[in-house]
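Structural overview for review
The primary structure of each chain is shown beneath.
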Amino acid sequence: MEAILKLFGEYFFKFCKMSGYDRMLRTLGGNLTEFIENLDALHSYLALSYQEMNAPSFRVERAADGKMLLHYYSDRSGLCHIVPGIIEAVAKDFFDLDVTMDILDMNEEVERTGKKEHVVFLIVQKACRKMRKAKAARLRDSQDNQSDQEALQAAFLRMKEKYLSVSACPVKKSRWDVVRSVVMFGKGHLVNTFEPIYPERLWIEEKTFCNAFPFHIVFDESLQIKQAGVTIQKYVPGLQTQKIRLDEYFSIIHPQITFDISSICKFINSQFVLKTRREMMPEAWKHQPTLKLRGQMIWMESTRCMMYMCSPKLRSLQELEQRKMHLSDIAPHDTTRDLILLNQQRLAEIELSNQLERKKEELRVLSQHLAIEKKKTETLLYAMLPEHVANQLKEGEFKTCTILFSDVVTFTNICAACEPIQIVNMLNSMYSKFDRLTSVHEVYKVETIGDAYMVVGGVPVPTGSHALRVANFALGMRISAKEVMNPVTGEPIQIRVGIHTGPVLAGVVGDKMPRYCLFGDTVNTASRMESHGLPDKVHLSPTAYRALENQGFEIIERGEIEVKGKGKMTTYFLIQNLNATKDEIMGRPITPLDHKGKQKRMVFRNMDEEQLTYGGHGANCPVCPRGLGHWPRSLPNPDPLSHKLPPTAPQGI
């Protein structure tokens, strides 16, 4: 487990770099110690964006023998072995160091408030990697020695001319010491040789300091406040009282330690967050949010006092207003001003992004509702119009089609003798059976008016077998009508059917209630065939007869009759389909017979786009016309005499 967690730590460091935190991590410190000491500050910054983040805490300590000790604190126990993986990877990648980490001690926290896991690591730097680096550096220095000497001499002359004009320097160093230190900078040894310059006295008066740093507190080892900035006095009035303790008005939020000088000194490199105690505020302010301060502790050995240099911890203008504060209360040099404004802009962008997400979700819901309503509309549209026509919504002239009209014999007398609900039930029963047959024979139901029922074959989808389909549909209508009873007599009703084949013009008409309608003389002639027909007969026009001739139907000639508006016409009666059973006409499932030498008849449906086959043969059968569609091209030809399939036919056909 320890090895896995350490490997996870190495991978987590790589993951953070790939996630865009590489530059932020590299700028934390110039060496490994500074890097670790600033990790808490980085976590504090990230907490502005990730408020639920519960980050660990780190503290570096130098042992008496010069070794580095790393103190690790966390609420989550058992994860301390991730730390060596992270720190060793950081040392190798950022500082070109080989370090090892060993656990010296592991216990529950006693320095910090709450039960925290406290682990102490010993960090040891390996020498081999540094020696290799130094050797390579010496090799490079020897190669560039000549150019370095020339650059050094030129820099020395420039610095000498510049600093000869210096009249006085109120420091202990001579100006030649300064020159030498600056020249050393040209050789790249600034980190090792730089020594700061301090004045002999502090050239700032007390009032100026308190105004320049409005948020600061100086307190002694007993936490007694000695000095405070002007603005912090304004918002914590109790600080103006003499001989008060810091812990009376503030509590430590981060790091979670006991409020005493020894604990503060141990975590002096950490960022400190203090919060005012609500009970110590004026009565009128107790309803306001408490003020939080964020900054660093600085120990002043000469005065044996601690200075807390801080700023108000504010993330937005809203928090500023809630505490009755203004930007002018914050020093111009304090970056808290920029942080508030930048974070306010970021919050505005986040809010805009959230609004866009909400609008996106609303659009998604509306889109779903729109799809549902669109589906309902399409369903309603397809109920009024054929799908083919609804998709195209355009007019078109079809060369030929077959139209059928039917009505109920003596329907007027039936209506006069029955209740309206009885008529509705009778028509509903009849039309439901007819509607099922339209799907069986793939003809289109145009409309119903009273007892009249109109269908067409060949439109809106053209097909060459339109006459055969309508003829089989008419035979099915005649069979279905015998299953509907006359509410007056209790006997099966009788219908008249008329069929005519010819060209029509088809299209969608109307705005409020668009309907798919057929226009042309073919419609009138089909209607005349129905009105001049006989009960329980299928009346054919001459063109319908020619379309069905030699297609396997039994047709008899009626003779020459006078047709209103058409003159004399020779018409015909359709009797039956010679090659189809009643079940096939009605589209009922056919159970295969036993294996005792009898032919098994199966139903073939939709073998191709224009095909509807129920029996063993079809209109294009190579043996005989059956009048029920096309024989599948992929099947073997049947026997010409018995109409049975050869032994090589697929099973189940």
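Residues numbered from 1 in each chain as written. Predicted model: local features only at pLDDT ≥ 70, side-chain atom pairs only at ≥ 80, totals over all residues. Heavy atoms only, no water.

1. Quick notes on the packing of helix α1 (residues 2-26) against helix α4 (residues 82-94)
Look at α1 against α4: their axes get within 8 Å of each other, and the N-to-C directions meet at 50°. Of the possible angle classes, the one that applies to α1 and α4 is oblique. With respect to the hand of their crossing, α1 and α4 are arranged in right-handed fashion. Where α1 approaches α4, its residues Leu5, Lys6, Phe8, Gly9, Glu10, Phe12, Phe13, Lys17, Asp22, Leu25 and Arg26 are matched on the opposing element by Ile82, Pro84, Gly85, Ile86, Glu88, Ala89, Val90, Asp93 and Phe94. (Axes fitted to C-alpha atoms, helices over the stretch in contact; angles between N-to-C directions. Helix = DSSP H or I, 4+ residues; strand = E, 2+ residues; numbered from the N terminus. Parallel < 35°, antiparallel > 145°, perpendicular 65-115°, else oblique. Left-handed = near helix turned anticlockwise from the far one by under 90°. Contact = heavy atoms within 4.5 Å.)

2. Looking at the UniProt feature "coiled-coil region" (unreviewed entry) in the protein chain
As recorded in UniProt, the sites labelled "coiled-coil region" (unreviewed entry) are residues 342-376. Each end of residues 342-376 is marked by a C-alpha atom, and these two atoms are 51 Å apart; helix forms 100% of the span and strand 0%. (UniProt positions renumbered as here; feature names shortened; annotations may be inferred.)

3. Overview of the sheet that holds strand β1 (residues 57-62)
What the four strands build is an open sheet, ordered β1-β2-β4-β3; its pairing is antiparallel. Either end of the sheet is taken by a strand with one partner, and the two such strands are β1 and β3 (99-108). When strand polarity is set aside, the average angle formed by the axes of neighbouring strands in this sheet is 25°. Packing of α4 onto the sheet brings it into contact with β1, β2 (68-74), β3 and β4 (117-125), and relative to β3 it is tilted by some 150°. (Pairing = 2+ DSSP bridges.)

4. Some remarks on the packing of aromatic side chains
The full count for this structure, using the stated rule, is 14 aromatic pairs. Geometrically, the ring pair formed by Tyr11 and Phe15 is stacked, given 6.5 Å between the ring centres and 25° between the ring planes. Here Tyr11 pairs with Phe15, and both are found in helix α1, just four residues apart, close to one helical turn. Between the aromatic rings of Tyr453 and Phe473, the centroid separation amounts to 6.4 Å while the plane-to-plane angle is 25°, which identifies the pairing as stacked. Highlighted residues: Tyr453 in strand β13 (residues 452-457) and Phe473 in helix α18 (residues 466-481), separated in sequence by 20 residues. You'll find Tyr453 and Phe473 in the same group, each marked buried. A network of ring pairs unites the aromatic residues Phe13, Phe35, Phe94 and Phe95 as a single cluster. The aromatic ring of Phe267 is capped on one face by Arg59, whose charged end is 4.8 Å from the ring centroid. In this structure, Lys537 packs its charged tip against the face of Phe573, placed 5.8 Å from the ring centre. (Phe/Tyr/Trp six-rings, centres within 6.5 Å; stacked < 30°, edge-to-face > 60°. Buried < 20%, exposed > 50% of the residue type's maximum accessible area, 1.4 Å probe, protein only. Lys NZ or Arg CZ within 6 Å of the ring centre and 35° of its normal.)

5. Quick notes on unusual backbone geometry
Residue Pro255 is reached from His254 by a cis peptide bond, and omega for that bond is -5°. With respect to the element layout, Pro255 can be found in the loop between β7 (250-254) and α12 (261-266). Located in the positive-phi region is Arg304, a residue other than glycine, with phi close to 55°. If you trace the backbone, Arg304 turns up in the loop between β9 (292-300) and β10 (305-312).

6. What to know about the packing of helix α17 (residues 420-441) against α18
Following both chains from N to C, one finds α17 and α18 inclined at 150°, their axes separated by 10 Å at the closest point. Judged on the interaxial angle alone, α18 and α17 are roughly antiparallel. Read as a crossing pair, α17 and α18 show a hand that is right-handed. For the pair α17 and α18, contact is made by Lys433, Phe434, Leu437, Thr438 and His441 and by Arg469, Asn472, Phe473, Gly476, Met477 and Ser480, respectively. Its residues assigned to classes, the contact of α17 with α18 comprises four nonpolar, five polar and two charged. (Nonpolar A, V, L, I, M, F, W, Y, C, P; charged D, E, K, R; others polar.)

7. A look at α17
Over its 22 residues, α17 runs 31 Å from end to end, which matches the ideal 32 Å to within 8%, given 1.5 Å per residue. Of the positions making up α17, those classed as buried are Ile423, Met426, Leu427, Met430, Tyr431, Phe434, Leu437, Thr438, Val440 and His441. Projection of α17 onto a plane perpendicular to its axis shows the buried side chains occupying an angular sector of 165°, all on one side. At the C-terminal side of α17, Glu442 shows a positive phi close to 55°. (Expected span 1.5 Å × (residues − 1). Arc of directions from axis to C-beta.)

8. Things to note about the sheet that holds β7
Strands belonging to one sheet form pairs held by backbone hydrogen bonds; the direction of such a pair is parallel or antiparallel. Spatially, six strands are ordered β6-β5-β10-β9-β8-β7 in an open sheet, and the strand pairing comes out antiparallel. The sheet is open, and its two edges are formed by β6 (225-228) and β7, each paired on a single side. Strand after strand, the sheet turns through a mean of 30° between neighbouring axes, direction not considered. One ladder, built from eight bridges, connects β9 with β10; its direction is antiparallel. Opposite Leu293, over in β10, you have Pro312 as the bridge partner.

9. A few points about the pairing of β4
Among the nine residues that make up β4, seven are buried, leaving the element largely enclosed by the rest of the structure. As paired elements, β2 and β4 share seven bridges and run antiparallel to each other. Following the sheet pairing, Tyr72 is matched in β4 by Val119. Note: β3 against β4, nine bridges, orientation antiparallel. The partner of Asp102 across the bridge, within β4, is Leu122.

10. Some words on the nonpolar core
Core analysis: the biggest nonpolar cluster contains 41 residues, and Leu404, Met430, Ile495, Ile499 and Leu540 have the highest contact counts within it. With 10 residues, the top contributor of residues to this core is α18. Not counting the four nearest positions on each side in its chain, Met430 is found in contact with Val408, Asp451, Val484, Ile493 and Ile495. Residues Phe267, Met281, Tyr308 and Leu320 belong to the second largest nonpolar core, which totals 35 residues. (Core = buried A, V, L, I, M, F, W, Y, C linked by side-chain atoms within 4.5 Å.)

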